[in-house]
Amino acid sequence: MKVLVTGGTGFIGGETARSLAEAGHEVVVTTRAADWRQGGDMTVVSQCDLAQPASLALLPTGINAVVHAAALADFRHGTWHDHLRNNVGATRNILRWAERSGVAHLAFMSTIGVHDRPWGHRAVHPLDEQSPRHPSSAYGRSKVIAEDLVAAARVPTTTLRLSWVYGTGMRSNSHIRAMAGWGATNALARHAPVTGRVSVIDVRDVAAAVKTILETGGDAPDTGAILLAESEPAELRHILNPAATILKRPAGPLARSVAALLPLSLRALVDDSLVCNPERMRMLGLRTSHAFYDEFPLLLDTEGWLP
Amino acid sequence: MTTALVTGAASGLGLEIARALLMRGVEVILVDRDPAVASLASELLCECIVCDLSTDEGTDEVLKRLDGSVGIVVSNAGAAQKGAMRDQEPNALRDMIGLNVTAPALIARRFIESTPSRPACLVIVSSSMAVAPTPMLGTYGASKSFQTSLAEALDVESLLGATNGVRVLCAEPSGMATGFQQAAGVNHAESRILLAPEDVAALIADEILSPRGRSFLRIGTTGKMLAIGKRVLPRAVFARLTGRMLARFR
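The rules behind each value
Residues numbered from 1 in each chain as written. Chains lettered and ligands numbered in written order. Predicted model: local features only at pLDDT ≥ 70, side-chain atom pairs only at ≥ 80, totals over all residues. Helix = DSSP H or I, 4+ residues; strand = E, 2+ residues; numbered from the N terminus. Buried ≥ 20, exposed ≤ 12 C-beta atoms within 10 Å, placed from the backbone. Contact = placed C-beta atoms within 7 Å. Pairing = 2+ DSSP bridges. Axes fitted to C-alpha atoms, helices over the stretch in contact; angles between N-to-C directions. Expected span 1.5 Å × (residues − 1). Bend = angle between axes of the 7 residues up to and from the residue. Nonpolar A, V, L, I, M, F, W, Y, C, P; charged D, E, K, R; others polar.

Undergrad: Describe the overall build of chain A, naming the residues involved and giving the relevant values.
TA: What chain A contains, in helices and strands, is 11 helices and 11 strands. Looking at chain A as a whole, 48% of its 307 residues qualify as buried. In chain A, the proportion of contacts linking residues at least 24 apart, taken out of those at least 6 apart, comes to 76%.

Pasting the structure below:
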């Protein structure tokens, strides 16, 4: 199978591209960078900014499947316009291109962030694919629009809503890495009575899920949205303070009712608002073979994140 | 998926609105009399109609396309001809009124009649010049007043439930740095008060898709000052003051 992986030089796209190439597929990756030389035996399309329709002319022919992992997730400096351009504009272009070039399946990387709940929304948990989409960030809002475009496309598609992804090669702005760094430098954060949990997934399991979907569901019609997560969520206090030994304190009724008034970034600390039920993923035969609590200490040791 | 029809989309604000809508996941049909719109459409991977809205045949082509599947219409095409009234070519004047007055009214009528799918939004791009007399651009300012007045009337009609669910948005941007100024022969280009068309387009596109849905957007300081002046100054004073000021700009 000839697979195009957009954003194939990034954290999740990169792992996906490598795993597809190892499984013997012909992989083409796109990157906006001018020269990227770590492609191995993958074909690299450089200077390919998918938000510009002219870039589509650079893409090779004969592609059977597309993994659209290119995206902008800049929670600090990214404007609404930047997110629209890179997440919606680029998705539209790649969809139009996929429709024209007879691609058999397109897997789109979305986020559990489309289920964020802004101020005043009661937390419904665990989340599932049918949970309402109420994004609170510009990133999440752009992904909701992109998901709708993907669902309406005239190619079979799968939308993968990733929970918090961890693994080797994480970007410094990844949630888990940022929180671990915060906990390491801030004693208050490290010892705060945080009771919230989040769903997590290993980047290798994401890559394996994409591979399974492309290999088995190649000609199947739309699979719709799938939340990807390990069945066991991670506790935020363990991310903030890997050595935490305090017994788990479930949030009391007071904390829970106050939590609904907090913005999501604070609420997630005391609440399970980003925990999802990966039932659909299991039903479709997508397995996770890594567990957060086995991998996280290794990452802390080897990746050198912590200052 | 929503489809939007944008008139005057080969350049300037129309093109930027089309781009902004595409970026927000809306499919766009570009309408312009400039044949360059065809190559733009193939570049942006969207549909286009090449037709001249100052003529009846051209307008009919657009009316035919409004078959209920188009959920957003941005009536943006417009032109101006600089010069005193006594120097105007009668035919050029007729064409301009066709483009700025007749076409938007017919398009609005057809769009409402077609019972469009959601978000069913009609955008009329008027101008900050709608509130002030525009000496040496007399018919242009008058045609913009017509557009604002039409949009406001339709907005109230929509509140009365007479527009088949169509919501009407009137945009009154102040002067922008587009080819419009040169096309009209207006000596305005070096002015620092001109707005960037992409910023105006982003505001309009966000407003079209916003669930709050305002019905009037006045963009830019010039337009806001003119609107305030119109309210506080006596009619004759406002007309002479702004008329002379605007005439000097040109």
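Undergrad: Account for the sheet that holds strand β7 (residues 216-219) of chain B, naming residues and giving values.
TA: All names here are of chain B. Spatial ordering of the open sheet is given by β3-β2-β1-β4-β5-β6-β7, a layout of 7 strands whose pairing is parallel. Looking along the sheet, the strands with just one partner apiece sit at the ends: β3 (47-50) and β7. Pairwise comparison of adjacent strand axes, ignoring direction, gives a mean angle of 15 degrees for this sheet. Bridging between strand β6 (residues 167-173) and β7 involves 4 bridges; their strand directions are parallel. The partner of C170 across the bridge, within β7, is F216. Helix α7 (residues 197-209) rests against β4 (72-75), β5 (121-125), β6 and β7 of the sheet, and its axis sits at about 165 degrees to β7.

Undergrad: Tell me about helix α4 (residues 90-113) of chain B, residues and numbers included.
TA: An α-helix turns once every 3.6 residues. As a result, residues three or four positions apart point the same way. Residue and element names in this part refer to chain B. Between its first and last C-alpha, α4 extends 33 Å over 24 residues, near the 34 Å set by a 1.5 Å rise per residue. Along α4, the helix axis deviates most sharply at G98, where the bend reaches about 40 degrees. Within α4, burial applies to M96, L99, N100, A103, P104, I107, A108, F111 and I112. Buried residues along α4 sit in contact with α3 (56-65), β4, β5 and α5 (138-159). Note on α4: the residue one or two positions beyond its end, T115, has a positive phi of about 45 degrees.

Undergrad: So what's going on with the interface of chain B and chain A? Residues and values would help.
TA: Contacts between the two partners involve 9 residues from chain B and, on the opposite side, 14 residues from chain A. Residues of the side of chain B that touches chain A, tallied by class, amount to 6 nonpolar, 1 polar and 2 charged.

Undergrad: Please set out the sheet that holds strand β2 (residues 26-30) of chain A residue by residue, giving values where relevant.
TA: All names here are of chain A. Spatial ordering of the open sheet is given by β3-β2-β1-β4-β5-β6-β10, a layout of 7 strands whose pairing is parallel. The strands lining the two open edges of the sheet, one partner per strand, are β3 (43-45) and β10 (224-228). Each neighbouring strand pair of the sheet contributes to a mean axis angle of 20 degrees, computed without reference to strand direction. As defined by bridge partners, strand β1 (residues 2-6) adjoins β2 across 4 bridges and the pair is classed as parallel. Paired with L4 across the bridge in β2 is V28. Its contacts with the sheet put helix α2 (residues 80-100) on β1, β4 (65-68) and β5 (105-111), and the angle it makes with β4 is roughly 175 degrees. Packing against the sheet, helix α6 (residues 203-216) makes contact with β1, β4, β5, β6 (157-162) and β10, and its axis sits at approximately 150 degrees to β5.

Undergrad: How would you explain helix α11 (residues 292-303) of chain A if you had to name every residue and give the values?
TA: The terminal C-alpha atoms of α11 of chain A, which comprises 12 residues, lie 15 Å apart, in line with the 16 Å expected from a rise of 1.5 Å per residue. Once α11 of chain A ends, the next one or two residues include G304 of chain A, with phi positive near 60 degrees.

Undergrad: With reference to specific residues and values, describe the environment of T178 of chain B.
TA: Residue and element names in this part refer to chain B. Tracing the chain through its elements places T178 in the loop between β6 and α6 (179-183). Between the C-alpha atom of T178 and that of A196, which follows or precedes it by 18 residues, the distance is 8.1 Å. In this structure, T178 is in contact with S11, G12, L13 and P197, ignoring residues within four places of it in sequence.

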